[in-house]
Each structure stands twice: as structure tokens, then as C-alpha cells.
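# A structural walkthrough
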Amino acid sequence: MLGNKKSSVSVSGKTTLISSDTVILGDIRFSGMLDVEGLVQGNILAQPGKDAMVRVVDKGRVEGEIRAPSVVINGAVEGNVHSTKHLELASRARVKGNVYYYRVEMAARAEVNGSMAHVAEPDVAKGKKK
């Protein structure tokens, strides 16, 4: 949760780290966990059907779209954010773009400069029961 040091959402799999001195030019396709401490100039896309989480830390920056089941933002994103399970916008989150979420947590001082829209969970939309 927002008040805790760790997010309430977890994923299995390996973690990929984009460190603070790293700049990635181009799209990233991944599964597992992706931590962005540097700059990504491109889209971040989770592999379809895979458990995945993107975390953009307080000095991390993404200039492109993010599409993942779980997303935690405490840095800057210039682009649309699509989260099909859980979106967490921490107090230093700055999003310039539209946000599409199934479940959202938003801290005081987080900013979204765009629209926010609720979307159906993929399994629910397809008529599957959990």
C-alpha cells in the first residue's frame, strides 16, 4: 500500500533494473518485475498473459506508454498508462497522459494531467469467474 515501504502487489519471476544512470531508447517487452530508476524513451509492454509489474521510482522517468497488469509510479511518466490489475500512484507520481485502471490507489500530491478511466478486469470482461 501507499503508506508501506513495499507495494501490496507482488509478482513472480525475475526483476529487471534500469539503473539511474541508464537511458533506454526503444520499446521494452518484459515479464516479471521491471524497476525504472533511469530514463526509458519508448513504450513499456508486459508480455501478454504473463504476470508483470512496472515500478517507476521517484527519479525514474518514462517517455512512452506503459501497459502492464500492475504499475507503481513514484516518478514521471509522459504517456498513457494501462493497468489491468492494480495501479498505485505514490506521492511523487507525475503522469502526463491518460490513465486506464482496474483498481487504483492514489496518494496525496500525486498528479495526473489527463483523464482517468476505469476498465473491466480482463478475466471478468471475458466472462470468466475467479
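Residues numbered from 1 in each chain as written. Predicted model: local features only at pLDDT ≥ 70, side-chain atom pairs only at ≥ 80, totals over all residues. Heavy atoms only, no water.

## Brief notes about the overall build of the protein
This is how the line gets drawn: A run of H or I in DSSP becomes a helix once it reaches four residues, and a run of E becomes a strand once it reaches two; helices and strands are each numbered from the N terminus. Residue burial is assigned from relative accessible area. The probe radius is 1.4 Å, only protein chains are included, and a residue is buried under 20% of its type maximum, exposed over 50%, and partly exposed in between. Contacts are residue-level and defined by heavy atoms, with any inter-residue pair within 4.5 Å sufficient. Per-residue and other accessible areas follow the Shrake-Rupley method at a 1.4 Å probe size, with only the shown protein chains counted as cover for residues.
Along the protein, the regular secondary structure elements total one helix and 16 strands. Relative to its 130 residues, the protein shows a buried fraction of 41%. Taking as baseline every contact in the protein between residues at least 6 positions apart, the subset at least 24 positions apart corresponds to 12%. Total accessible area on the protein is roughly 7,300 Å²; 48% of this is exposed by carbon and sulfur atoms.

## Let's talk about the nonpolar core
How we decide: The set of buried Ala, Val, Leu, Ile, Met, Phe, Trp, Tyr and Cys residues whose side-chain atoms join them within 4.5 Å is what this entry labels a nonpolar core.
Grouped together as the largest cluster of nonpolar side chains are 26 residues, with contacts concentrated most on F30, I44 and I73. Of all the elements in the fold, those that place two or more residues in this core are β3 (28–30), β4 (32–36), β6 (44–46), β7 (52–56), β9 (66–73), β11 (81–89) and β13 (99–101). Ranked by residue count, the leading element in this core is β9, at four residues. When near neighbours in sequence (up to four residues on either side) are disregarded, I44 contacts I28, F30, L34, V36, V54, V62, E65, I66 and R67.

## Overview of the pairing of β4
Two faces belong to every sheet, and in a regular strand the side chains alternate between them. Put simply, the rule is: Strands were regarded as paired on the criterion that DSSP finds at least two bridges between them.
With five of five residues buried, β4 lies mostly within the body of the structure. Of the pairings in the sheet, the one linking strand β1 (residues 15–18) to β4 comprises four bridges and is parallel in character. Looking at the pairing, L17 lines up with D35 of β4. Note that β4 and β7 share five bridges and pair parallel. Residue pairing across strands places L34 opposite V54, the latter belonging to β7.

## Points about a nonpolar patch on the surface
Note the threshold: Grouping into patches uses exposed residues only, defined as over 30% relative accessible area, and leaves out salt-bridged ones; the cut-off is 9 Å for like charges and 5 Å for nonpolar side chains (Val, Leu, Ile, Met, Phe, Trp, Tyr). We define a salt bridge as a contact between a side-chain nitrogen of Lys or Arg and a carboxyl oxygen of Asp or Glu at a distance within 4 Å.
The grouping of V104, M106 and M116 at the surface amounts to a nonpolar patch, some 220 Å² of accessible area in total. In this fold, M106 is placed in strand β14 (residues 104–106).

## Concerning the sheet that holds strand β2 (residues 23–25)
Stated precisely, the cut-off is as follows: In this analysis, axes come from line fits to C-alpha atoms, helices being fitted only over the stretch in contact, and the angle between any two N-to-C directions falls in the range 0 to 180 degrees.
Strand order in the open sheet formed by six strands is β2-β5-β8-β10-β12-β15, and the pairing between neighbours is parallel. Of all the strands in the sheet, the pair left with one neighbour each is β2 and β15 (111–113). Within the sheet, the average angular offset between the axes of one strand and its neighbour, ignoring direction, is 5°. In terms of strand pairing, β2 meets strand β5 (residues 39–41) through three bridges, oriented parallel. What sits directly across from V23, in β5, is L39.

## A closer look at unusual backbone geometry
For residues that are not glycine, phi is negative in most cases, and the peptide bond is trans in most cases. Of note in this structure, R109 is not a glycine but carries a positive phi near 80°. Secondary-structure assignment places R109 in the loop between β14 and β15. Owing to a relative accessible area of 64%, R109 belongs among the exposed residues under this scheme.

Any link to function would need more than the numbers given here.
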